[in-house]
Amino acid sequence: MTAFTPLNRRSFLKTAAAGLSAAAVLGRAGRALAAEPINFATWSAGVDTVKSHIAAFEAKTGVKVNYTNSPWAQYRETMITRFIGKAPIDTLWVSDSWLPEWADAGWIAPVDQYKTLVDNSDVDQFCVDSMTYKGKQYGNTYYSDYMAFIYNADMLDKAGIKAPPATWAEVVDQAKIIKDKGLAQWPVLISMAQESWLIEFMTAMVYSSGGRFTDDNGNAVMQDPANGAGPALRWLVDAVQKHKILSPSCVETGELAVLKAFSSGDNAFGLIPKYRLRTLNDPAQSKLAGNARIALMPKGEKGSNATVGWMRFYGMTPRAQADAERAADTVKLMEWFGGRADGEYKFQKMLFKDVGSGFGQKSLFNDPEIRAGYAAYGDVDLIGKQQSLARKKDVVTPWFGEWNDVNGTAWQQAIMGKASVEQALNTSAAKWTELKKQS
């Protein structure tokens, strides 16, 4: 999920130099007391699990940790306020979508000099890419996930369909069969509402259709008929306007509403974050339990099974790096959480068991406990294969928030038949190019 409430970036970047100067002053002062704690900030997720792992770290190392958390919905703004106010922060959870903004402002620092944090031999490439900005790595992995294609196995069976669709064309064909048999009015569920998830839904379809929003130099190609977002947007427009397999209300239906609707068992196919598979197969939460299955992302005519992945990571501040002792202790804490603790991925497994969170470490797909956990509600090998095909978003830039609103509206206008696919993508590309020049 990409949470980025647009702020006036030009105004808050003016505070960056002041923040860096403060970090330098703190560095010269050094750590007044050996027992001064490491300041660790997160959003309010798995709080008891985090506290438990902190207690184990403190017992193991003797290093004290000052832990604070705030709700996800307010976290980004809270942290920006704390950065500007020069609050003591050493390590913190960071969304991949905020990396350019926070790095350019000097609020987080590269960690390439700390070899344990940049040992990526067991980390999925999209996670490494998502933590890298201007050639430098800014942290280690907290958790990761990706957009999945999930189907209702019971409904396909009732329709006489032997296997899930392998292409987006087959999604249309199978959805029409299901609709014609009266099994579902709207066989397909895809959220196109203007909310933080929207870019992930779009990007999964663009990637699997063989397209991109931007090229390797960050220039807009979304409007390019051969390499852009056209085939994905055209599929959505046709699904609503021509085939009538996707409800026009998709532009008002958020991710959580899609989850609830799919849980009812009244739909056949959905683009849904992979971690929701656990909920969909929980009898206490879903009528679809036992029948929600994952398939590889359908391919477009010139596409692949690629999907979009996202991740969150442990970032490190200039304040932490300004003092050698504090930096060393902060690295230990980051490794304890984002890497190995006592030689194993303890925190990653704790989160998976507690809430089903994904992870960026490839070897965990072979861990017996992880495999047993996934087996209760999904095909662990297929889940791992799709994760290996995940790619980072290609629109994560300092101007993403400003562009995202324009892009979302443009797609919605096309889906509702108020603009052509070409007009929508030209509008999106023009805004991207304008903001890129301004930056």
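Residues numbered from 1 in each chain as written. Predicted model: local features only at pLDDT ≥ 70, side-chain atom pairs only at ≥ 80, totals over all residues. Heavy atoms only, no water.

Attention now moves to the overall build of the protein. The helix and strand inventory of the protein stands at 19 helices and eleven strands. Expected size for 439 residues packed as a compact globule is a radius of gyration near 22 Å; at 22 Å, the protein falls within 12% of this value. Each of the three principal axes of the protein carries a C-alpha extent, and together these read 75 × 50 × 30 Å. With 439 residues in all, the protein has 55% of them scored as buried. Across the protein, the fraction of contacts at a sequence separation of at least 24, relative to all contacts at a separation of at least 6, is 73%. In the form shown here, the protein has an accessible surface area of approximately 17,500 Å², with 51% of it arising from carbon and sulfur atoms. Counting 49 positive and 46 negative side-chain charges, the protein places the averaged centre of each group 2 Å from the other. (Helix = DSSP H or I, 4+ residues; strand = E, 2+ residues; numbered from the N terminus. Rg over C-alpha atoms; globule rule 2.2 N^0.38 Å. Buried < 20%, exposed > 50% of the residue type's maximum accessible area, 1.4 Å probe, protein only. Contact = heavy atoms within 4.5 Å. Areas by Shrake-Rupley, 256 points an atom, 1.4 Å probe, with all protein chains shown as cover. Lys, Arg positive; Asp, Glu negative; His and termini not counted. Charge placed at Lys NZ, Arg CZ, Asp CG, Glu CD.)

Before going further, it helps to examine the environment of Phe359. Positionally, Phe359 belongs in the loop between helix H15 (346–355) and helix H16 (368–375). Phe359 gets classed as buried once you look at its relative accessible area, which sits at 1%. Placed 37 residues apart in sequence, Phe359 and Val396 show a C-alpha to C-alpha distance of 21 Å. When sequence neighbours within four positions are dropped, the list of residues in contact with Phe359 reads Asp124, Ser144, Gln348, Phe352, Leu364, Phe365, Ile370, Tyr374 and Gln387.

Size it by volume and the largest pocket reaches roughly 730 Å³. Along its surface, the largest pocket is lined by 30 residues, and Lys392, Lys393, Asp394, Val396 and Thr397 are the ones closest to its centre. Elements supplying a minimum of two residues to the lining of the largest pocket: helix H5 (99–105), helix H6 (125–130), strand E4 (132–133) and helix H19 (421–438). Along the lines of polarity and charge, the residues of the lining of the largest pocket split into ten nonpolar, eight polar and twelve charged. Reported here for the second largest pocket is a volume of approximately 480 Å³. Around the second largest pocket, the lining comprises 22 residues; the ones closest to its centre are Trp43, Ala45, Tyr143, Tyr275 and Ser357. Take the lining of the second largest pocket: its biggest share by element is three residues, from strand E6 (residues 139–152). For the lining of the second largest pocket, the residue count by class is twelve nonpolar, six polar and four charged. (1 Å grid on protein atoms, 1.4 Å probe; cavity = no way out; pocket = protein on both sides within 12 Å on 5 of 7 lines; lining within 4 Å. Points joined across faces, edges and corners; volume = space filled by probe spheres on them. Nonpolar A, V, L, I, M, F, W, Y, C, P; charged D, E, K, R; others polar.)

Attention shifts here to the nonpolar core. Looking at soluble globular proteins, one finds that nonpolar side chains tend to be buried together. If you look at the biggest cluster of nonpolar residues, it comprises 76 residues, and the most contacted ones within it are Phe40, Tyr75, Leu92, Trp102, Phe337 and Tyr374. Here Leu92 is in contact with Phe40, Ala41, Tyr75, Met79, Phe83, Trp102, Ile108, Phe313, Tyr314, Gly315 and Thr317, once residues within four sequence places are set aside. Of all hydrophobic cores here, the second largest spans 63 residues; its members include Trp168, Ala184, Met192 and Cys250. (Core = buried A, V, L, I, M, F, W, Y, C linked by side-chain atoms within 4.5 Å.)

Oppositely charged side chains are able to pair whenever their charged atoms sit close together. According to the stated counting rule, one finds 23 salt bridges in the structure shown. Salt-bridge contacts for Arg312 lead to Asp96; the nearest nitrogen and oxygen are separated by 3.0 Å. Of this pair, Arg312 sits in strand E10 (residues 307–316) while Asp96 sits in the loop between strand E3 (91–95) and H5, and the two are 216 residues apart along the sequence. Given a relative accessible area of 1%, Arg312 falls into the buried group. With a closest N to O distance of 3.5 Å, Asp96 and Lys393 form a salt bridge. Of this pair, Asp96 sits in the loop between E3 and H5 while Lys393 is found in the loop between strand E11 (390–391) and helix H18 (400–415), placing the two residues 297 residues apart along the sequence. Summarising the burial analysis for this pair, Asp96 and Lys393 share the class buried. By sharing partners, the salt bridges in this structure join Glu36, Asp90, Arg319 and Arg326 into a single network. (Salt bridge = Lys/Arg side-chain N within 4 Å of Asp/Glu carboxyl O.)

Our focus in this paragraph is helix H17 (residues 380–388). All buried positions along H17 are accounted for by Val380, Ile383, Gly384, Gln386 and Gln387. Taken around the axis of H17, the buried residues stretch over an arc of 160°, which confines them to a single face. Its side-chain oxygen at 3.1 Å from the backbone nitrogen of Asp381, Asp379 defines the N-terminal cap of H17. (Arc of directions from axis to C-beta. Polar contact = N/O pair within 3.5 Å; in protein donor to acceptor, adjacent residues only side chain to side chain.)

Buried residues dominate E3, accounting for five of its five residues. Note that strand E1 (residues 38–43) and E3 share two bridges and pair parallel. Residue pairing in the sheet places Ala41 in a bridge with Leu92 of E3. Where E3 lies against E10, five bridges are found, and the strand directions are antiparallel. Paired with Leu92 across the bridge in E10 is Gly315. (Pairing = 2+ DSSP bridges.)

Here the focus is the packing of aromatic side chains. Within this structure, the stated rule accounts for 35 aromatic pairs. Measuring from centroid to centroid gives 6.5 Å for Phe359 and Tyr374, while their planes differ by 55°, and the two rings are tilted. Of this pair, Phe359 sits in the loop between H15 and H16 while Tyr374 sits in helix H16, and the two are 15 residues apart along the sequence. Here the two residues Phe359 and Tyr374 agree in accessibility, since each one is buried. Taking the ring centre of Trp186 as reference, the NZ or CZ of Lys179 above it sits at 4.8 Å. The positively charged end of Arg391 is found above the aromatic ring belonging to Tyr207, 3.9 Å away from the centroid. (Phe/Tyr/Trp six-rings, centres within 6.5 Å; stacked < 30°, edge-to-face > 60°. Lys NZ or Arg CZ within 6 Å of the ring centre and 35° of its normal.)

This part is about the packing of helix H10 (residues 230–241) against H19. In contact at an axis separation of 10 Å, H10 and H19 are set at 135° when each is read in the N-to-C sense. Classified by the angle between their axes, H10 and H19 sit oblique to one another. Remark: the crossing between H10 and H19 carries right-handed chirality. Contact with H10, carried on its side by Gly230, Leu233, Arg234 and Val237, involves Val421, Glu422, Ala424 and Leu425 of H19 and no other residues of that element. Across the contact of H10 with H19, the residue classes break down as five nonpolar, one polar and two charged. (Axes fitted to C-alpha atoms, helices over the stretch in contact; angles between N-to-C directions. Parallel < 35°, antiparallel > 145°, perpendicular 65-115°, else oblique. Left-handed = near helix turned anticlockwise from the far one by under 90°.)

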